[in-house]
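Observations on the three-dimensional arrangement
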Amino acid sequence: MLSLAEWIVLTVVDEGPTHGFAIAALTAEDGAVGRAWHVPRPIVYRSLDRLGALDLVRVQSSEAGHRGPRRSILTSTPAGAQAVGEWLERPVGHVRDMRSELLVKLALRLRRDLPAAPSSPPSGRR
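Figured I'd write up the structure that's included with this text. Only a predicted model underlies this, so the values are computations on that prediction, with no experimental measurement involved.

Things to note about the environment of Val39
Following the sequence through the fold, Val39 ends up in the loop between α2 (20–26) and α3 (41–53). Here the alpha-carbon distance between Val39 and Pro78, two residues 39 residues apart in the chain, equals 24 Å. Excluding anything up to four places from it in sequence, Val39 contacts Ala5, Ile8, Thr27 and Val44.

Next comes the structure, spelled out in structure tokens:
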């Protein structure tokens, strides 16, 4: 099971090839995603390591950093892309998660031009 921070990082990687510093900028307090839920830079990199170990993201290539070491360009694996799609469609499980998980899911869905609500009700519910 992934933490909310790991879901956020995986979803951002699934948007297209990116690197840890760019993810950290998006999830910073003033970042596009960070305004909904802030993920500190060390947690971004820890999440990337775990997602790689779970085979949900992989290094696609590397490039020279602007002022530092080479950057690993990451992309989601097919399993990672599938997990993101399912997570974005899954309703928030508990009312206590409304502030955190629901708000960030809405922000991430809007970044993908997805409607705020899933297209069909979850199976078994009406």
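Remarks on helix α4 (residues 78–89)
Taking 1.5 Å per residue as the helical rise, α4 with its 12 residues ought to reach 16 Å, and the 17 Å between its terminal C-alpha atoms agrees with that figure. Every buried residue of α4 is listed here: Gly80, Ala83, Val84, Trp87 and Leu88. Considered in projection along α4, the buried side chains sweep an arc of 125 degrees and stay on one side of the axis. Looking at the buried side of α4, the elements it contacts are α1 (4–14), β2 (71–76) and α5 (98–111).

Brief notes about the pattern of salt bridges
Counted under the stated rule, the structure contains five salt bridges. In this structure, the salt-bridge partner of Arg111 is Glu15, at a minimum N-O distance of 2.7 Å. With a gap of 96 residues between them, Arg111 in helix α5 and Glu15 in the loop between α1 and α2 connect regions that are remote in the sequence. One salt bridge connects Glu101 with Lys105, and the closest N-O pair in it is separated by 3.2 Å. With Glu101 and Lys105 both in helix α5 and four residues apart, this pair spans about one turn of that helix.

A short note on the environment of Ala83
The residue Ala83 is located in helix α4 in this model. Spatially, the C-alpha atoms of Ala83 and Thr11 are 9.0 Å apart, while their sequence positions differ by 72 residues. Beyond its immediate stretch of four places on either side in the chain, Ala83 contacts Trp7 and Leu10.

A word on unusual backbone geometry
Although it is not a glycine, Asp55 adopts a positive phi angle of roughly 60 degrees. Along the polypeptide, Asp55 turns up in the loop between α3 and β1 (57–63). Notably, Asp113 is not glycine yet its phi reads approximately 60 degrees, a positive angle. Position of Asp113 relative to the elements: it lies in the segment after α5. Classification of Asp113 as exposed rests on a relative accessible area of 72%.

What to know about the side chain of Glu101
Look at Glu101 and you get buried, because its relative accessible area is 17%. Excluding residues within four positions of it along the chain, Glu101 makes contact with Leu4, Trp87 and Val92.

What to know about the nonpolar core
Leu10, Val104 and Leu108 are the most contacted members of the largest nonpolar core, which has 27 residues in total. Mapped by element, the contributors of at least two residues to this core are α1, α2, α3, α4 and α5. Examining the composition of this core, we find that eight residues originate from one element, α1, more than from any other. Beyond its immediate chain neighbours, meaning those up to four positions away, Val104 contacts Leu4, Ile8, Val33, Ala36, Trp37 and Trp87.

What counts as what
Residues numbered from 1 in each chain as written. Predicted model: local features only at pLDDT ≥ 70, side-chain atom pairs only at ≥ 80, totals over all residues. Heavy atoms only, no water. Helix = DSSP H or I, 4+ residues; strand = E, 2+ residues; numbered from the N terminus. Contact = heavy atoms within 4.5 Å. Expected span 1.5 Å × (residues − 1). Buried < 20%, exposed > 50% of the residue type's maximum accessible area, 1.4 Å probe, protein only. Arc of directions from axis to C-beta. Salt bridge = Lys/Arg side-chain N within 4 Å of Asp/Glu carboxyl O. Core = buried A, V, L, I, M, F, W, Y, C linked by side-chain atoms within 4.5 Å.

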